[in-house]
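Secondary and tertiary structure notes
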Amino acid sequence: VIILVVSSSHYSYANSEYVLPYPSVMPGSKFYRINLVKEKMLRYWYFGNFGQFLYNLKQSDKYLVEAKTLFEYKQYLLAYEALEKSEGYFQQTLPNLIEAQKNGKNINVKRDILRQASAKHIEVLEQISQNIPAKFVWTPEKSASTTLNLKEKLKEGIKVRKKYL
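None of these values were measured; they are calculated from a predicted model. (Residues numbered from 1 in each chain as written. Predicted model: local features only at pLDDT ≥ 70, side-chain atom pairs only at ≥ 80, totals over all residues. Heavy atoms only, no water.)

As a further point, take helix α2 (residues 32–45). Compared with an ideal rise of 1.5 Å per residue, which puts 14 residues at 20 Å, α2 spans 20 Å between its outermost C-alpha atoms and is within 8% of the ideal. Residues of α2 that are buried include every one of Y32, N35 and E39, and no others. Take α2 and look down its axis: the buried residues cluster within an arc of 50°, on one side only. The outward face of α2, more than 90 degrees from its buried face, is lined by the exposed residues R33, I34, K40, M41 and Y44. (Helix = DSSP H or I, 4+ residues; strand = E, 2+ residues; numbered from the N terminus. Expected span 1.5 Å × (residues − 1). Buried < 20%, exposed > 50% of the residue type's maximum accessible area, 1.4 Å probe, protein only. Arc of directions from axis to C-beta.)

Time to look at the packing of aromatic side chains. In this structure the tally under the stated criterion is seven aromatic pairs. Considering the side-chain rings of F136 and W138, the 6.5 Å spacing of their centres and the 40° angle between planes classify their relative orientation as tilted. Connected via pairs of aromatic rings, a cluster forms that spans Y46, Y55, Y63 and Y89. The ring of F50 carries K105 above its face, with NZ or CZ at 5.4 Å from the centroid. Positioned above the aromatic ring of Y80 is the side chain of K153, whose terminal nitrogen or guanidinium carbon lies 5.8 Å from the ring centre. (Phe/Tyr/Trp six-rings, centres within 6.5 Å; stacked < 30°, edge-to-face > 60°. Lys NZ or Arg CZ within 6 Å of the ring centre and 35° of its normal.)

A few words now on the packing of helix α3 (residues 48–72) against helix α4 (residues 76–91). Running from N to C, α3 and α4 point in directions that differ by 160°, and their axes come no closer than 8 Å. Classified by the angle their axes make, α3 and α4 are roughly antiparallel. In terms of crossing hand, the pair formed by α3 and α4 is left-handed. Mapping the contact onto sequence places Y55, N56, L57, Q59, S60, Y63, L64, E66, A67, L70 and F71 in α3 and Y76, L78, A79, Y80, A82, L83, K85, S86, Y89 and F90 in α4. The residue makeup of the contact of α3 with α4, split by class, is 15 nonpolar, four polar and two charged. (Axes fitted to C-alpha atoms, helices over the stretch in contact; angles between N-to-C directions. Parallel < 35°, antiparallel > 145°, perpendicular 65-115°, else oblique. Left-handed = near helix turned anticlockwise from the far one by under 90°. Contact = heavy atoms within 4.5 Å. Nonpolar A, V, L, I, M, F, W, Y, C, P; charged D, E, K, R; others polar.)

Counted by the stated rule, this structure contains five salt bridges. Where K62 meets E39, a salt bridge forms, and the shortest distance between an N and an O atom there is 3.0 Å. One end of the pair, K62, is in helix α3; the other, E39, is in helix α2, with 23 residues separating them in the sequence. What makes E39 buried here is its relative accessible area of 7%. Several salt bridges converge on common partners, so that one network encompasses E87, K153 and E156. (Salt bridge = Lys/Arg side-chain N within 4 Å of Asp/Glu carboxyl O.)

Once that is clear, we can look at the nonpolar core. Counting residues in hydrophobic clusters, the biggest one holds 37 residues, and the most contacted among them are F71 and L114. Looking at this core, the elements with two or more residues in it are α3, α4, α5 (93–102), α6 (108–129) and α7 (150–162). A total of nine residues in this core trace back to one element, the largest contributor, which is α3. Setting aside anything within four residues of it in sequence, one finds F71 in contact with Y76, A79, Y80, L83, I128, I132, L150 and L154. (Core = buried A, V, L, I, M, F, W, Y, C linked by side-chain atoms within 4.5 Å.)

Attention now goes to α5. Listed in full, the buried residues belonging to α5 are T93, L94, N96, L97 and A100. Axial view of α5: buried residues confined to an arc of 155°, hence all on one face. Contacts from the buried residues of α5 go to α3, α4 and α6. Following α5 by one or two positions, G104 adopts a phi angle in the positive range, close to 85°.

Counting through the fold element by element, Q59 comes out in helix α3. Judged by relative accessible area, which is 8%, Q59 ranks as buried. Ignoring sequence-local partners within four residues, the contact set of Q59 consists of E39 and Y89.

Structure representation (structure tokens):
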């Protein structure tokens, strides 16, 4: 029994113990639009500075996982858009904490959560960066093509998150 327990244990080499959520409804699903409506409504459910902090962090996590999954399936345009959403939500987290601090609230625990999330996000973005092309040309039917600077976008995302460490 002891040998079984010792041999079955595994080690995690992650930079952060912060856990990202399981991928939710992905683009292309008939439920994706419903999920977007639900997301807009939930914004008002999370009120107050700490509530908005948690909402923005959850959304940033969700879209980062969505981007990671889409990059794995080489859906670069959708992944790029998800990455932009993740970055936008992530940038809204710290202002909520600063506002809470101005209102006399102790933000130490939330600040630590943000640091852990930032480290995990950077870890995931660096992992994605190893497996994608630097640029991708998106050519839709009957429209002009668009060049997506994928590696540059990932570098921007890493740079934004490093500010929060």
